[in-house]
Amino acid sequence: MKIAVLGGGNGSFAAAGDFALQGNDVRLWRRDAAEVAQHRATGSRILLKDINGRHDVQLALVTTDIAEAIRGAELILCPAPAFAQSDIARLIAPHLADGQVVFLPPATFGSMIFAKAAHDAGNRANVSFAETGTLPWLTRKHGPFEVAITIRAKRLPVGVFPLDAAPHALDVIGRAFPGVIEPCGDALSGALMNAGPIIHPPLIVMNAGPIEHFERWDIHKEGTQGSIRRVTDALDAERIAVREGLGYGAPHFPLAHHYASEGEQWMYGRGSHDRLTDSGDWRERIVLREHRYMREDLHLGLSFLVSVAGLAGVATPLARGFLAIGGAICGEDFSESGRTLAALGLGHLDRAALQTLLREGFGR
């Protein structure tokens, strides 16, 4: 397959390296011209480390030209943080072509941002947009062009916009992730599978003291204790209640399955939490006011959940509480500046009108 990967972070390098390792034609786009020049000078290669060893893989292209990166690509994968989506969506909007699939893992309803940007740019190409509940890799970069993959996803629930385009989109994404993709309906259903706003806000808020005290802190090891897990489960129950309130059925991929040793497998499969903590890669410095756990998962993710809960008529006291505390930590009103349906230009739609949009798209 011809695949374009957008971004220069952990997820983007894992995607580019893993897709190339599987024999795909991979183009990597990123903004930083100096990093791109250096990457090209080293041969446009990525050193990928996984359970099977070290792999030196070749990319077809590394570029700062986004039009060049996505030209002819069947799949465009953008694992950039949610706060970067609007800028990237505007950059690619004029260049999208018939049949292309834009996949955002995960996205906090970013599929709608990309779709709306293309529509607002006057691009009427037949493009589909999709998102899932987690990054398909548990991964960290170990150098400028070196990345370690601890876990590859085993199950990825995927929602598509517009839903009418789901057969084509799921076919394309499924060829890039064979045996992993599970349809979960429309893009809003996919957005409400996002695990980041459930797992990270309790971990960073309830561990704020040690995070700021120690130079490095593993929120997934010492930071994941019984009291925090109980809060995480209660927050996840709010997410599931919102899904049910909007008529979305099971499976809801409850986060408790990520930690369980038996029962239904979660997105990363059995034993992934232990492998994550054993790797040591998540013992890291977290600056609470700046880190994506705060800026993406808490600020944008929970404000989105609270907004959609209002449409569903579901109470979300924990999500609102973490949103208020996170805002206080950062000295901002996250409920005002977050990602809401109104901020996405959808606040005027009732449930029926939103469901029609999700199914049919913006039209020509």
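By the naming in an unreviewed UniProt entry, the protein is NAD/NADP octopine/nopaline dehydrogenase family protein, taken from Bradyrhizobium sediminis.

Attention now goes to the pairing of strand β12 (residues 181–186). Inspection of the sheet shows strand β11 (residues 156–161) paired to β12 by 4 bridges, in the parallel sense. Across the sheet, Pro 157 pairs through a bridge with Glu 182, a residue of β12. Since β11 and β12 lie parallel, the crossover through helix α6 (residues 166–176) that links them has a hand, and here it is right-handed.

A word on the nonpolar core. If you look at the biggest cluster of nonpolar residues, it comprises 122 residues, and the most contacted ones within it are Phe 19, Ile 88, Phe 109, Phe 177 and Leu 188. A per-element tally of this core places helix α13 (residues 292–312) first, with 10 residues.

Right, let's get into the pattern of salt bridges. Applying the stated rule across the entire model yields 20 salt bridges. Glu 215 is the partner of Arg 285 in a salt bridge, and the nearest nitrogen-oxygen pair spans 3.9 Å. With a gap of 70 residues between them, Arg 285 in the loop between β14 (283–284) and α13 and Glu 215 in the loop between α9 (208–213) and β13 (217–218) connect regions that are remote in the sequence. With respect to burial, Arg 285 and Glu 215 carry one shared label: exposed. Measuring nitrogen to oxygen at the nearest pair gives 3.0 Å for the salt bridge that ties Asp 233 to Arg 229. With Asp 233 and Arg 229 both in helix α10 (residues 226–245), this residue pair falls 4 residues apart, about one helical turn. Asp 233 gets classed as partly exposed once you look at its relative accessible area, which sits at 31%. Overlapping salt bridges bring together Asp 18, Asp 50 and Arg 152 as one network.

For the rest of this paragraph, the subject is the packing of helix α4 (residues 85–92) against helix α5 (residues 110–120). Closest axis-to-axis distance for the α4/α5 pair is 8 Å, and the angle between their directions is 35 degrees. For α4 against α5, the interelement crossing comes out right-handed. Across from Gln 85, Ser 86, Ile 88, Ala 89, Arg 90 and Ile 92 in α4, the residues of α5 making contact are Gly 110, Ile 113, Phe 114 and Ala 117. Of the residues assigned to the contact of α4 with α5, the class counts are 6 nonpolar, 3 polar and 1 charged.

What counts and how
Every residue gets a number counted from 1 within its own chain, in the order that chain's sequence is written. With the structure being a predicted model, the display of local features is reserved for residues of pLDDT at least 70 and the display and counting of side-chain atom pairs for 80 or more, all residues being used for whole-chain, interface and lining totals. Side-chain measures here rest on the full set of heavy atoms in the structure, leaving out hydrogens and waters. Only strands joined by at least two bridges in the DSSP assignment are considered to pair. Think of it this way: any DSSP run of H or I at least four residues long counts as a helix, any run of E at least two long counts as a strand, and we number them from the N terminus. Orient the strands so they point away from the viewer, and a crossover whose first-strand-to-second-strand path over the helix runs clockwise is right-handed. What makes a nonpolar core is a set of buried Ala, Val, Leu, Ile, Met, Phe, Trp, Tyr and Cys residues whose side-chain atoms join them at distances within 4.5 Å. Any residue under 20% of the maximum accessible area for its type is buried, any over 50% is exposed, and the rest in between are partly exposed; the area is computed with a 1.4 Å probe on protein chains only. Counted as salt bridges are all cases of a side-chain nitrogen of Lys or Arg within 4 Å of a carboxyl oxygen of Asp or Glu. Working convention: axes come from line fits to C-alpha atoms, limited for helices to the stretch in contact. Angles between N-to-C directions cover 0 to 180 degrees. Working rule for handedness: look at the near helix, and if it is turned counterclockwise from the far one by less than a right angle, call the crossing left-handed; if clockwise, right-handed. The contact criterion used throughout is that any non-hydrogen atoms of two residues lie within 4.5 Å. Each residue gets one of three labels, nonpolar for Ala, Val, Leu, Ile, Met, Phe, Trp, Tyr, Cys and Pro, charged for Asp, Glu, Lys and Arg, and polar for the others, Gly among them.

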